[in-house]
Amino acid sequence: MIKAVIFDMDGVLVDSEPENLRLLKEFMEGYNVHADDAFLAFLVGSSYTFTCEECIRIMENDWSVKEFSEIYEAYAAEHPFRYGEVGNPYVKETLDWLKEHGYKTAVASSSFLSQIEEMEQDCGLEGCFDVKISGEMFEESKPNPEIYLHTAQALGVKPAECLAIEDSSYGIEAARRAGMKVFAYRDERYGVDQSKADSIIDDMRDVVAYLK
């Protein structure tokens, strides 16, 4: 019996992946390095540290992850986008329904907590989540299941009582390894393998339909 629904952020609550990838591509091109579509798709759903490491590798740069992060974050701050402009449909309605029907809710994202809270504010979702868990808390990000196991514990439920909503292969694998049911939010733009999910949904109303 499902008692909690856990949401990834990028690609699930908000359609932010295109903006994140566009920004990263433009940043690298500023250093005369071309990031092709295959490389960008490879990064979808990965941890921030992994993304930094891979960018440093193909840029053939001797920056540390910390140095890359500082330089890139300064660039991103000069080229911001608003999460409220890329929110996925029916998210607020679904979260309200879950609350009204006694389900616990959480965000479990590889993004920084500050980014989760910015998304929450921009999209008008303050107070919609019982727990917000950031991948920055852990040494390894998805597909390591630790973030999902920790989230279930924080919610006070068993992993088998959780439904995870993911979009990336890394996230789907993490939730599966944690022992949760997993729905994939359909995205066919990046060639991401979503076949290991229990079901593929087209919008958040499918979550409500399943739980009804």
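Our structure is the block above this text.
Residues numbered from 1 in each chain as written. Predicted model: local features only at pLDDT ≥ 70, side-chain atom pairs only at ≥ 80, totals over all residues. Heavy atoms only, no water.

Undergrad: Can you walk me through the overall build of the chain in this structure?
TA: Helix and strand counts for the chain come out as nine helices and six strands. Against the compact-globule benchmark of 17 Å for 212 residues, the chain has a radius of gyration of 17 Å, which places it among compact chains. C-alpha extents for the chain along the principal axes are approximately 50 × 30 × 30 Å. Counting over 212 residues, the chain shows a buried share of 51%. Considering only contacts within the chain whose residues lie at least 6 apart along the sequence, 65% involve residues at least 24 apart. (Helix = DSSP H or I, 4+ residues; strand = E, 2+ residues; numbered from the N terminus. Rg over C-alpha atoms; globule rule 2.2 N^0.38 Å. Buried < 20%, exposed > 50% of the residue type's maximum accessible area, 1.4 Å probe, protein only. Contact = heavy atoms within 4.5 Å.)

Undergrad: What's the story with the sheet that holds strand β5 (residues 181-185) in this structure? I'm lost.
TA: In a beta sheet, neighbouring strands are held together by backbone hydrogen bonds and run either parallel or antiparallel to one another. With parallel pairing, the six strands of this open sheet are ordered in space as β3-β2-β1-β4-β5-β6. Every other strand in the sheet has two partners, leaving β3 (131-134) and β6 (199-201) as the edge strands with one partner each. Geometrically, the sheet is characterised by an average inter-axis angle of 25 degrees between neighbouring strands, direction not taken into account. Note: β5 against β6, three bridges, orientation parallel. Across the sheet, residue A184 finds its bridge partner in β6, namely I200. Of the strands in this sheet, β1 (4-7), β2 (104-109), β3 and β4 (162-166) are in contact with helix α7 (residues 146-155), which crosses β2 at around 155 degrees. (Pairing = 2+ DSSP bridges. Axes fitted to C-alpha atoms, helices over the stretch in contact; angles between N-to-C directions.)

Undergrad: What is the right way to look at the packing of helix α3 (residues 48-59) against helix α4 (residues 65-78) in this model?
TA: For any two helices packed against each other, the geometry is given by the interaxial angle and the distance between the axes. As a packed pair, α3 and α4 sit with axes 10 Å apart at the nearest point and diverge in direction by 95 degrees. As far as their axial angle goes, α4 and α3 are roughly perpendicular. Contacts from Y48, T49, C52, E53, C55, I56 and M59 in α3 reach V65, F68, S69, Y72 and E73 in α4. (Parallel < 35°, antiparallel > 145°, perpendicular 65-115°, else oblique.)

Undergrad: Can you help me understand the nonpolar core in this one?
TA: A general tendency of soluble globular proteins is for nonpolar side chains to be buried together. Counting residues in hydrophobic clusters, the biggest one holds 30 residues, and the most contacted among them are F7, L95, L98, F129, I165, M204 and L211. The element contributing the most residues to this core is helix α5 (residues 91-100), with four residues. If we ignore the near neighbours within four places in the chain, the residues touching I165 are V5, I6, F7, D8, V12, F183, I201, M204 and V207. Membership of the second largest hydrophobic core comes to 23 residues, among which are L23, A41, C52 and A76. (Core = buried A, V, L, I, M, F, W, Y, C linked by side-chain atoms within 4.5 Å.)

Undergrad: Can you help me understand the environment of E118 in this one?
TA: Mapped onto the elements of the fold, E118 is located in helix α6 (residues 113-122). Classification of E118 as partly exposed rests on a relative accessible area of 32%. Placed 35 residues apart in sequence, E118 and Y83 show a C-alpha to C-alpha distance of 7.6 Å.

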